Structures are given as C-alpha cells and as structure tokens.
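So the chains spell out like this:
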Amino acid sequence: KGGKNRRRGKNDNSGQKRELIYKEDGQEYAQITKMLGNGRIEVSCFDGIKRMGHIRGKLRKKVWMGQGDIILVSLRDFQDDQCDVVHKYNSDEARTLKNVGELPESAKINETDTFGADDDEDVNFEFGAEDESEEEDDDLDIDDI
C-alpha cells in the first residue's frame, strides 16, 4: 500500500480558489524562459528586461515551476539584472490577469512554445535521392568504367 508518504497524504489544494495577487511597487510580472537549475531561472519580465531569477526557499520544493509559467518577481534595488520569485500564477489566474489588463496582450499563457526554437523555417532537409540523381545511376554501367 505504500510507505510513510501515503500515510502522510498529499498537500493538494488545487481545487480551492485563492485570492489573486497583484503586483506592488518593486515587483513585476514575468514569464519563465529557461530553467537553469539550483533554484535559478531565466526570466523575461514584462517591462522588457531579461533577468536571472532566484526561486526563494518558501517556494523551492513546494511549488513546481516550468518553462512558460507566469510568475511575480520582486526586483532588487542593488542588482537590476537579478530578481526573486515571489509567487507563481496558475493558468486560470494568468488568464484573469491578462483579461484585467495587468499583463500585455503579447503574453503567451499555457502555450507549449519553446523560447529558443523559433528558427524552424530556415532548416530544410531532404531525405532520399531526387529523381534526377536516380536516373544518372541507371545510365552508368560498371563495364564502361
């Protein structure tokens, strides 16, 4: 039946509605662009600046974050290129923020776009031989060589 984790139970409160947290001064909405490991993430803030984000200890092993998630970050006074993750919004909350006008219309919510792989149009692979090259092979004869 399982070990002690089964007896302890899951701390699952996904069904409950929680109050929507809006940004205050010194905070900014952002989207995760890359997971770097060791509690760090690369974040694209909606004020147009890319920053290194640090997941604070309260959220570190309790709230799982992934690429493309909308988060609330606290900006640092002494380092403009770094910030701290304060809160993670689920997709419903992010959609509500977008409808209210807190997030810009360009924000992609709950879309599985990978941020680094937008150059797919430039890559052209052709598998197999074309018709012209196959005909040339038929014309060549081993005896002629």
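Use the structure listed above.
Quantities reported herein were computed from a predicted structural model and do not represent experimental measurements.

Thresholds, definitions, all that
- Residues numbered from 1 in each chain as written.
- Predicted model: local features only at pLDDT ≥ 70, side-chain atom pairs only at ≥ 80, totals over all residues.
- Heavy atoms only, no water.
- Core = buried A, V, L, I, M, F, W, Y, C linked by side-chain atoms within 4.5 Å.
- Buried < 20%, exposed > 50% of the residue type's maximum accessible area, 1.4 Å probe, protein only.
- Helix = DSSP H or I, 4+ residues; strand = E, 2+ residues; numbered from the N terminus.
- Contact = heavy atoms within 4.5 Å.
- Pairing = 2+ DSSP bridges.
- Axes fitted to C-alpha atoms, helices over the stretch in contact; angles between N-to-C directions.
- Salt bridge = Lys/Arg side-chain N within 4 Å of Asp/Glu carboxyl O.
- Phe/Tyr/Trp six-rings, centres within 6.5 Å; stacked < 30°, edge-to-face > 60°.
- Arc of directions from axis to C-beta.

Now for the nonpolar core. The biggest cluster of nonpolar side chains holds 12 residues, and these are Ala30, Ile32, Ile41, Val43, Cys45, Ile55, Leu59, Met65, Ile71, Val73, Cys83 and Val85. When contributions to this core are tallied by element, the ones reaching two or more residues are strand 1 (27-37), strand 2 (40-45), strand 4 (70-75) and strand 5 (82-88). Once residues within four sequence positions are removed from consideration, Val85 is found in contact with Ile41, His54, Ile55, Arg56, Leu59, Met65, Ile71, Leu72 and Val73.

Attention now goes to the sheet that holds strand 5. Strand pairing in a sheet takes place through backbone hydrogen bonds and is either antiparallel or parallel in direction. Reading around the circumference, 1-2-3-5-4 is the order of the 5 strands in this closed barrel, with mixed pairing throughout. Across the sheet, the mean angle separating the axes of adjacent strands is 50° when strand polarity is ignored. Both strand 1 and strand 4 contribute to a ladder of 5 bridges, which runs antiparallel. Bridge pairing in strand 4 links Gln27 to Ser74.

Attention now moves to the pattern of salt bridges. Throughout the structure, instances matching the rule amount to 8 salt bridges. Among the salt bridges present, the one from Arg51 reaches Asp47, with a minimum N-O distance of 3.4 Å. Note that Arg76 and Asp84 form a salt bridge whose closest N and O atoms lie 2.9 Å from each other. Connected through salt bridges with shared partners, the residues Asp47, Arg51 and Asp80 form a single ionic network.

Below, the discussion takes up the packing of aromatic side chains. Counted under the stated rule, the structure contains 1 aromatic pair. Seen from their ring centres, Tyr29 and Tyr89 are 6.0 Å apart, and the 50° between their planes marks the pair as tilted. Of this pair, Tyr29 sits in strand 1 while Tyr89 sits in the loop between strand 5 and helix 3 (91-100), and the two are 60 residues apart along the sequence. With a relative accessible area of 1%, Tyr29 lands in the buried category. Of the residues examined, Tyr89 reaches a relative accessible area of 3% and is grouped as buried.

Considered for burial, the residues of helix 3 that qualify are Glu93, Ala94, Leu97 and Lys98. For helix 3, the buried positions fall inside an angular range of 140° around the axis, keeping them on one side. Contact partners of the buried residues in helix 3: strand 1, strand 4 and strand 5. In the segment just after helix 3, Gly101 is the residue with positive phi, at about 110°.

With 5 of 7 residues buried, strand 5 is to be regarded as a mostly interior element. Summarising the sheet, strand 3 (residues 50-55) and strand 5 pair through 4 bridges and their orientation is parallel. Each residue of the ladder has a partner; that of Ile55, found in strand 5, is Val85. Alignment of strand 4 against strand 5, held across 5 bridges, turns out to be antiparallel. Bridge pairing in strand 5 links Ser74 to Asp84. Remark: 6 residues form the turn of the hairpin made by strand 4 and strand 5, two consecutive strands paired antiparallel.

Moving on, we come to the environment of Ile32. Among the secondary structure elements, Ile32 is positioned in strand 1. Put simply, Ile32 and Gln67 are 35 residues apart on the chain and 5.2 Å apart in space, counted from C-alpha to C-alpha.

Purely geometric stuff here, so don't read any function into it on its own.
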